[in-house]
Amino acid sequence: MLDLSNARFAFLDIETTGLSPWFGDRICQIAIVLTEGKRIKSTVDLLINPERTLSPAAFHINGLDESKLSASPLFEEITEQLEALLKDAVIVCHNAKFDIQFLDNEYRKLGRSVEYPNLIDTLVLAREYFDLPSYSLQHLANDFHVSNNMQGSRAQADALTAKNVFFAMMDALKPNGKPLDDYIGIYNSPAWPEEGVYLPTELSEAINSGRRLFI
């Protein structure tokens, strides 16, 4: 049984060239914050050459430099490093299916599949156990009164914010008496267009609630 106080966690966040891997969008950045319990052991921020340009919307969000991306390693060149970082860790990310469909897409291009046996989605966790007006990462940070981290790149800042939100939720859920294992799910090769489309949290919430979108 995993112990929250000393388990190895990998808080993961990715940036992409756009919203849809099946329309050709690719990963261009991966940030990982490794912890032992709440203690940060290391942080990694990888730029990746997506072999395509950023969409205007993606550039507006992540502000990544196209010239730096084109000079960065391809995904296949960082897979060993990525796997070493994630090995034996409980992976935590916000809206995991969105991130994993992009990782799955990259591995499919290499003729491989992806599977993460120990993964926690802070979005799923928040929706299941907390009644809140919004479940975006930024709103969760505000609701749980934790640091909405602004350090480093957007990916690294979001990974650090996810860490803070996750442990705040775990503290709030202590009265439930559930072990960490009960919050872990298995995520592998997520749905593709014929099965379902996974959108960023804000978009899916707006669409499901019938709100107007200003893009």
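Residues numbered from 1 in each chain as written. Predicted model: local features only at pLDDT ≥ 70, side-chain atom pairs only at ≥ 80, totals over all residues. Heavy atoms only, no water.

Before going further, it helps to spend a moment on the overall build of the chain. Helices and strands together make up the secondary structure of the chain, namely eight helices and six strands. In the chain, the succession of helices and strands from N to C terminus is β-β-β-α-α-α-β-α-β-α-α-α-β-α. Looking at the 215 residues of the chain, the share that counts as buried comes to 51%. At a minimum sequence separation of 6, the contacts of the chain that also span at least 24 residues come to 70%. Carbon and sulfur atoms make up 50% of the accessible area of the chain, which amounts to about 10900 Å² in all. (Helix = DSSP H or I, 4+ residues; strand = E, 2+ residues; numbered from the N terminus. Buried < 20%, exposed > 50% of the residue type's maximum accessible area, 1.4 Å probe, protein only. Contact = heavy atoms within 4.5 Å. Areas by Shrake-Rupley, 256 points an atom, 1.4 Å probe, with all protein chains shown as cover.)

Within helix α5 (residues 122-129), the full set of buried residues consists of T122, L123, L125 and A126. The arc that holds every buried residue of α5, seen down its axis, measures 165°, which confines them to one face. Sitting at the amino-terminal end of α5 is D121, which places a side-chain oxygen 2.9 Å from the backbone nitrogen of L123. (Arc of directions from axis to C-beta. Polar contact = N/O pair within 3.5 Å; in protein donor to acceptor, adjacent residues only side chain to side chain.)

A few words on the packing of helix α3 (residues 75-86) against helix α4 (residues 96-109). When two helices pack together, their arrangement is captured by the angle between the axes and the distance separating the axes. Relative to each other, α3 and α4 sit at 120°, their axes nearing to 11 Å. It follows from the interaxial angle that α3 and α4 lie oblique. Of the two possible hands of crossing, α3 and α4 adopt the one that is left-handed. Each of F75, T79, L82 and E83 in α3 lies in contact with α4, whose residues at this interface are L103, E106 and Y107. (Axes fitted to C-alpha atoms, helices over the stretch in contact; angles between N-to-C directions. Parallel < 35°, antiparallel > 145°, perpendicular 65-115°, else oblique. Left-handed = near helix turned anticlockwise from the far one by under 90°.)

Counting buried positions over the ten residues of strand β2 (residues 27-36) gives nine, a clear majority of the element. Here strand β1 (residues 8-16) pairs with β2 via nine bridges, running antiparallel. Bridge assignment links F11 to a residue of β2, and that residue is V33. With eight bridges connecting them, β2 and strand β3 (residues 39-47) associate as antiparallel partners. For L34, the partnering residue across the bridge sits in β3 and is S42. (Pairing = 2+ DSSP bridges.)

So, about the side chain of D158. The topology assignment puts D158 in helix α7 (residues 154-172). Among residues more than four places away in sequence, those in contact with D158 are D13, E15, L137 and Q138.

Quick look at the pattern of salt bridges now. A complete count under the given rule lists ten salt bridges for this structure. E51 is the salt-bridge partner of R26, the closest N and O atoms lying 3.5 Å from each other. Taken together, the positions of R26 in the loop between β1 and β2 and E51 in the loop between β3 and α1 (56-62) put the pair 25 residues apart, joining distant regions of the chain. When its relative accessible area of 54% is taken as the criterion, E51 is described as exposed. Between E83 and R112 there is a salt bridge, with the nearest N and O atoms lying 2.7 Å from each other. Residue E83 is located in helix α3, and its partner R112 is located in the loop between α4 and β5 (115-121); the two are separated by 29 residues in the primary sequence. The class for E83 is partly exposed, based on a relative accessible area of 30%. Here R112 falls in the partly exposed class, since its relative accessible area comes to 39%. Connected via shared salt-bridge partners are E15, R154 and D158. (Salt bridge = Lys/Arg side-chain N within 4 Å of Asp/Glu carboxyl O.)

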